[in-house]
Amino acid sequence: MASSTVRPEDQDRAAERDVARRLLDSSAKLSYDPATEVDWNTPLDTDHHGASPEWSTLYGTAYWGELTEDQRKALTRQEAASVASTGIWFEMILQQMVLRDMYAKDPTDPRFQWALTEVADECRHSIMFARGAAKLGAPAYRPRRPVLELGRAFKTLAFGEAAYAAILVAEEVLDVMQRDWMRDERVAPFVRTINNIHVVEESRHMKFARDETRRRLRDAGPVRRHLNALVVAIASYYIVTSMVNRDVYANAGLDGARARAEAKTNEHHKSLMRSSCSGLMEFLASARLLTKPALFFYKRADLI
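Calculation notes
Residues numbered from 1 in each chain as written. Predicted model: local features only at pLDDT ≥ 70, side-chain atom pairs only at ≥ 80, totals over all residues. Heavy atoms only, no water. Helix = DSSP H or I, 4+ residues; strand = E, 2+ residues; numbered from the N terminus. Rg over C-alpha atoms; globule rule 2.2 N^0.38 Å. Buried < 20%, exposed > 50% of the residue type's maximum accessible area, 1.4 Å probe, protein only. Contact = heavy atoms within 4.5 Å. Axes fitted to C-alpha atoms, helices over the stretch in contact; angles between N-to-C directions. Left-handed = near helix turned anticlockwise from the far one by under 90°. Nonpolar A, V, L, I, M, F, W, Y, C, P; charged D, E, K, R; others polar. Parallel < 35°, antiparallel > 145°, perpendicular 65-115°, else oblique. Phe/Tyr/Trp six-rings, centres within 6.5 Å; stacked < 30°, edge-to-face > 60°. Lys NZ or Arg CZ within 6 Å of the ring centre and 35° of its normal. Arc of directions from axis to C-beta. Salt bridge = Lys/Arg side-chain N within 4 Å of Asp/Glu carboxyl O.

J.: How would you explain the overall build of the chain if you had to name every residue and give the values?
T.: When helices and strands are tallied, the chain shows 14 helices and zero strands. When the elements of the chain are put in sequence order from the N terminus, they spell out α-α-α-α-α-α-α-α-α-α-α-α-α-α. Against the compact-globule benchmark of 19 Å for 304 residues, the chain has a radius of gyration of 20 Å, which places it among compact chains. Each of the 304 residues in the chain was classed as buried or not, and the buried ones make up 53%. Across the chain, the fraction of contacts at a sequence separation of at least 24, relative to all contacts at a separation of at least 6, is 84%.

J.: Explain the packing of helix α5 (residues 110-135) against helix α8 (residues 189-217) to me, and be specific about the residues and the numbers.
T.: Their axes nearest at 10 Å, the elements α5 and α8 cross at an angle of 145°. Taken as a pair, α5 and α8 cross one another with a handedness that is left-handed. In this structure, α5 contributes Arg 111, Trp 114, Glu 118, Asp 121, Glu 122, Arg 124, His 125, Met 128, Phe 129, Gly 132 and Lys 135 to the contact, and α8 contributes Phe 190, Ile 194, Ile 197, His 198, Glu 201, Glu 202, Arg 204, His 205, Phe 208, Glu 212, Arg 215 and Arg 216. Taken together, the residues of the contact of α5 with α8 break down into seven nonpolar, four polar and twelve charged.

J.: Tell me what's going on with the packing of helix α4 (residues 69-102) against α5, and back it up with residues and numbers.
T.: Here α4 crosses α5 at 160°, and the two axes come no closer than 9 Å. Between α4 and α5, the interaxial angle falls into the category roughly antiparallel. The crossing of α4 and α5 is left-handed. Within the contact of α4 with α5, the residues separate by chemical class into 15 nonpolar, five polar and four charged.

J.: So what's going on with the packing of aromatic side chains? Which residues, and what values?
T.: Counted by the stated rule, this structure contains seven aromatic pairs. Each member of the aromatic cluster is reached from another via a ring pair, and the members are Tyr 237, Tyr 238, Phe 296 and Phe 297. Of note, Lys 135 hangs over the ring of Phe 190, and the distance from its end group to the ring centre comes to 4.6 Å. In this structure, Arg 258 is placed above the aromatic ring of Tyr 63, and the distance from its NZ or CZ to the ring centre is 4.3 Å.

J.: Which residues make up unusual backbone geometry, and what values go with them?
T.: Although it is not a glycine, Arg 288 adopts a positive phi angle of roughly 60°. Here Arg 288 shows up in the loop between α13 (278-286) and α14 (292-300). With phi around 60°, Asp 302 is a residue other than glycine that occupies positive phi space. Note that Asp 302 resides in the segment after α14. We classify Asp 302 as buried; its relative accessible area is 19%.

J.: Kindly report on the environment of Ile 167, identifying the contributing residues and their values.
T.: You can see Ile 167 is positioned in helix α7 (residues 160-183). With relative accessibility at 1%, the residue Ile 167 sits in the buried group. Through-space distance from the C-alpha of Ile 167 to that of Tyr 249 is 28 Å; in sequence the pair is 82 residues apart. Residues contacting Ile 167, with those up to four places away along its chain left out, are Phe 90, Leu 94, Met 97, Val 98 and Ala 209.

J.: Mind laying out α13, listing which residues take part and the relevant values?
T.: Turn by turn, an α-helix covers 3.6 residues, leaving residues three or four places apart pointing in a common direction. Buried within α13 we find Leu 280, Met 281, Phe 283 and Leu 284. End-on view of α13: buried residues confined to an arc of 160°, all on one side of the axis. Exposed side of α13, more than 90 degrees from the buried face: Glu 282 and Ser 286 are the residues found there. Those residues of α13 that are buried lie in contact with α7, α8 and α14. Positive backbone phi, approximately 60°, marks Arg 288, located one or two places after α13.

J.: Explain the pattern of salt bridges to me, and be specific about the residues and the numbers.
T.: For the coordinates displayed, the defined rule picks out 26 salt bridges. Across the salt bridge formed by Glu 69 and Arg 72, the nearest N and O atoms sit 3.5 Å from each other. With Glu 69 and Arg 72 both in helix α4 and three residues apart, this pair spans about one turn of that helix. Among the residues examined, Glu 69 registers a relative accessible area of 39% and is labelled partly exposed. A residue is classified by how much of its surface remains accessible, and Arg 72, at 17% relative accessible area, is buried.

Printed below as a string of structure tokens:
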């Protein structure tokens, strides 16, 4: 008589496919087209912020107290555009890593199909962020050249849990701040719509990234785990510290040198970042990716 016992690895694969099917179903029911959902035609109303003021890198500093309301709004618009530009940079890295991971795999597998759906989402998000930054009146903000080159190496070399955990860090940090912005009536309506679209669709991406990180770590030995914990932490440091470009202050009409100095020591912003990343750090700890060397970089980035 044939045994009806199902091997654990077969159960795991079935569960993973089921998750991917649910993500595909969710995407089919709840996705947006930024080309039609976002109001691109109404001129920018400079009476609005680009982000919740409390998320500004200068909020709570002496310099912030000296700014007029118009200067504060101009600054948050530049900061929001910088965050969007950094998002484009990392979403392009993400797309390449996901495509490389799925290369030559079974196209009938729901995980493969979900991965392509995620790449399609990220393409739309990148275009949406680009149009949003342009409407905010910002230049093309990019990370510094060394960071760009590190990103080029990371997208080429990162694999498995290192790729998916780094994807998760970038998405989680953006998710928390954008949830605040999309509810804030002080923020420009088109920016709120962009944030809402991104939050809804990225929630599925974060679910997939968490599941993939756990799955890839299932059989990882201590050396691999410690190495990739460090890789993820270093990537996270450069992602987070690149979000607000050093040129946003001058482009908002402020004293760039003074603004950068006060932003660097702004305890309010550091505390906001730490509190917003508490859930992410709990996940990384549960995955045993918060090693001592990794913690050094998370603390430097004010994520813990």
